[in-house]
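Structural overview for review
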Amino acid sequence: MLTINDTVIPSGDEELGDNLLYYDYNIDHLLSLEAKGLNMEDEAYISAFRSFEGEVYENYIYEKLLRYAANEPQIKRFIIKGPHKHRTRAQSDALSVSWKGQIIYRARHKEIGEFDGLLFTDKELYFVEMTLVKSVSNLKKRLRKKRALLEVLFPRYQVKALLVLNEGATGTSDLPLFASVWLTQPYSARHIFERLSVKSPREPMRRILSPKITHAEEIKTASFKYYATLTWMLRSLRGKAPLDLEFFNRGATQRYHDIYTKVYVGYLAIEDFKTLLPNTTFEGSKATYAVVAIEKDHSGGYFLTYFLRHAAKKLDNITLSAGGVKTEKKDPFGITLTEMNHLEKVMDESFHLTLEHHNQILDLISEMRHK
């Protein structure tokens with residue numbers, strides 16, 4: 001096990017040379033804000049620059065990690081990305097590096113996982129998250145999903161998370177046990193932006209030479225059939241009415257639950273669904289049913305969430321709570337819409353939920369907790 005708790009990464013770009021200038025950035029929006037006369041105190045400028053600075057920080061930490069990994073005996077392999085690797089197209093059903101230089105895993109043609117960095121020891125696999133957020137309390141869901149995916153792809157490794165944060169970040173005491181933290185001193189990307197904005201000359205790229213360097217496409221992963229597993233989960237959960245709790249509570253089921261972020265349990269007729277939110281109308285909607293799913297919340301409980309497909313590329317995710325109705329419009333080209341396409345072919349009348357079944361499921365999950 002790596003000794004990584006509370007490590008502080010030294011500040012300074014000197015050893016990196018101009019490597020940070022070789023990564024892809026889109027600074028056009030920032031330049032347009034400056035052209036409009038916005039200064040660094042304007043809220044819109046602060047938000048845009050913070051996003052850019054987060055990208056630079058990720059690349060800065062990745063460069064530091066490469067050097068750390070090359071000199072750390074316990075690390076056996078690390079995956080290269082960004083300008084350290086020739087551009088390639090991302091592969092389906094495999095770990096690969098996208099055209100934009102990110103380490104990703106895709107199911108068919110949809111991205112379901114992205115990793116800032118991956119480090120392998122003999123028995124452990126660390127996925128790295130570098131972020132400038134001031135609080136990490138809301139990262140639990142993302143960490144669970146990435147860990148679960150890697151556990152499926154690399155079953156012989158113990159999967160852990162390494163978070164690299166600025167000193168002063170809050171919420172670290174609430175992180176799961178599989179997550180460790182490195183701290184860095186405050187980071188500013190102003191000097192990188194200034195050099196990019198004037199297109200200043202760059203020193204040659206400083207490359208890391210190490211036998212540990214590994215290309216993502218060289219790594220074999222265990223088979224993971226995304227949509228076949230989705231179907232198996234749905235059918236198994238409905239093996240008993242209204243929900244097979246024994247199957248739901250299994251470790252493997254909960255792992256897949258984290259990968260998909262929700263488990264589908266059937267559908268409500270649109271007339272029944274509308275009784276749950278009588279003051280809401282869906283003008284122009286062609287939806288005839290609402291797909292029902294169970295999600296995990298941040299506090300250790302579960303809740304029901306609903307998917308309404310109003311048209312071919314128009315999908316809403318609706319959540320009901322004491323605070324009211326929350327509606328999120330889903331990406332018309334995202335993974336959730338392709339899941340809806342798949343479910344339309346799979347769900348027959350046996351997956352229809354009456355309001356009584358719906359309420360029974362609601363009662364069951366209200367009494368359950370997750371880790």
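Residues numbered from 1 in each chain as written. Predicted model: local features only at pLDDT ≥ 70, side-chain atom pairs only at ≥ 80, totals over all residues. Heavy atoms only, no water.

Quick word on the layout of surface pockets
- Estimated volume of the largest pocket: approximately 1,200 Å³.
- Along its surface, the largest pocket is lined by 44 residues, and K141, K145, T261, E328 and K330 are the ones closest to its centre.
- The leading source of residues in the lining of the largest pocket is strand β5 (residues 110-115), at six residues.
- Here the lining of the largest pocket is built from residues that sort into 15 nonpolar, twelve polar and 17 charged. (1 Å grid on protein atoms, 1.4 Å probe; cavity = no way out; pocket = protein on both sides within 12 Å on 5 of 7 lines; lining within 4 Å. Points joined across faces, edges and corners; volume = space filled by probe spheres on them. Helix = DSSP H or I, 4+ residues; strand = E, 2+ residues; numbered from the N terminus. Nonpolar A, V, L, I, M, F, W, Y, C, P; charged D, E, K, R; others polar.)

Observations regarding the pairing of β5
- Strand direction decides the pairing type here: strand β4 (residues 103-107) and β5, joined by five bridges, are antiparallel. Pairing of R106 across the sheet is with E111, part of β5.
- Remark: two residues form the turn of the hairpin made by β4 and β5, two consecutive strands paired antiparallel; R108 in that turn has positive phi of roughly 55 degrees. (Pairing = 2+ DSSP bridges.)

Concerning unusual backbone geometry
- Cis geometry marks the peptide bond from A241 to P242; its omega dihedral reads -5 degrees.
- As for its position among the elements, P242 is in the loop between α5 (226-237) and α6 (245-248).
- A positive phi is found at D93, a non-glycine position, where the angle reads about 55 degrees.
- Structurally, the position occupied by D93 is in the loop between β2 (77-79) and β3 (94-97).
- Residue class for D93 comes out partly exposed when judged on its relative accessible area of 39%. (Buried < 20%, exposed > 50% of the residue type's maximum accessible area, 1.4 Å probe, protein only.)

Considering helix α10 (residues 355-366)
- An ideal rise of 1.5 Å per residue puts 16 Å on twelve residues; α10 measures up with 16 Å between its terminal C-alpha atoms.
- Within the sequence span of α10, burial applies to H358, I361 and I365. Looking straight down α10, one finds that the buried residues subtend no more than 65 degrees of arc, so they occupy a single side. Pointing more than 90 degrees away from the buried face of α10 are the exposed residues E356, D363 and S366.
- On its buried face, α10 sits against β11 (262-269), β12 (289-296), β13 (302-311) and β16 (352-353). (Expected span 1.5 Å × (residues − 1). Arc of directions from axis to C-beta. Contact = heavy atoms within 4.5 Å.)

Some thoughts on the environment of I192
- Examined against the element boundaries, I192 turns out to sit in helix α4 (residues 190-197).
- When sequence neighbours within four positions are dropped, the list of residues in contact with I192 reads L20, L21, F52, V56 and Y187.

Observations regarding the packing of α5 against helix α9 (residues 335-346)
- Following both chains from N to C, one finds α5 and α9 inclined at 55 degrees, their axes separated by 11 Å at the closest point. Taken together, α5 and α9 sit at an angle that is classed as oblique. Of the two elements, α5 crosses α9, and the hand of that crossing is right-handed. Judged by residue contacts, Y226, Y227, L230, T231, L234 and R235 of α5 engage I335, T338, E339, H342, L343 and V346 from α9.
- Tallied by class, the residues present in the contact of α5 with α9 amount to seven nonpolar, three polar and two charged. (Axes fitted to C-alpha atoms, helices over the stretch in contact; angles between N-to-C directions. Parallel < 35°, antiparallel > 145°, perpendicular 65-115°, else oblique. Left-handed = near helix turned anticlockwise from the far one by under 90°.)

Describing the pattern of salt bridges
- Throughout the structure, instances matching the rule amount to 20 salt bridges.
- Here E344 and R309 are joined by a salt bridge, their closest N and O atoms 3.2 Å apart. Note that E344 is positioned in helix α9 and R309 in strand β13, a separation of 35 residues in sequence.
- For E344, a relative accessible area of 44% translates into the label partly exposed.
- The network of salt bridges with common partners includes E129, R142 and K146. (Salt bridge = Lys/Arg side-chain N within 4 Å of Asp/Glu carboxyl O.)

Details of α4
- Looking at α4, one finds that the buried residues are R190, I192, F193 and L196. The buried residues of α4 all sit within an arc of 160 degrees when viewed along its axis, so they share a single face.
- Buried-residue contacts for α4 involve α1 (28-35) and α2 (43-71).
- Just beyond α4, the residue with positive phi is K199, at close to 55 degrees.

A word on the nonpolar core
- L118, L163, F224, F273 and I294 are the most contacted members of the largest nonpolar core, which has 79 residues in total.
- Those residues within four positions of F273 in sequence are excluded, and the remaining contacts are L268, F282, A290, Y306, L308 and I318.
- Among the nonpolar cores identified, the runner-up in size contains 37 residues, and Y23, A69, F78 and V164 belong to it. (Core = buried A, V, L, I, M, F, W, Y, C linked by side-chain atoms within 4.5 Å.)

All quantities given are derived from atomic positions and should not be read as evidence of function.
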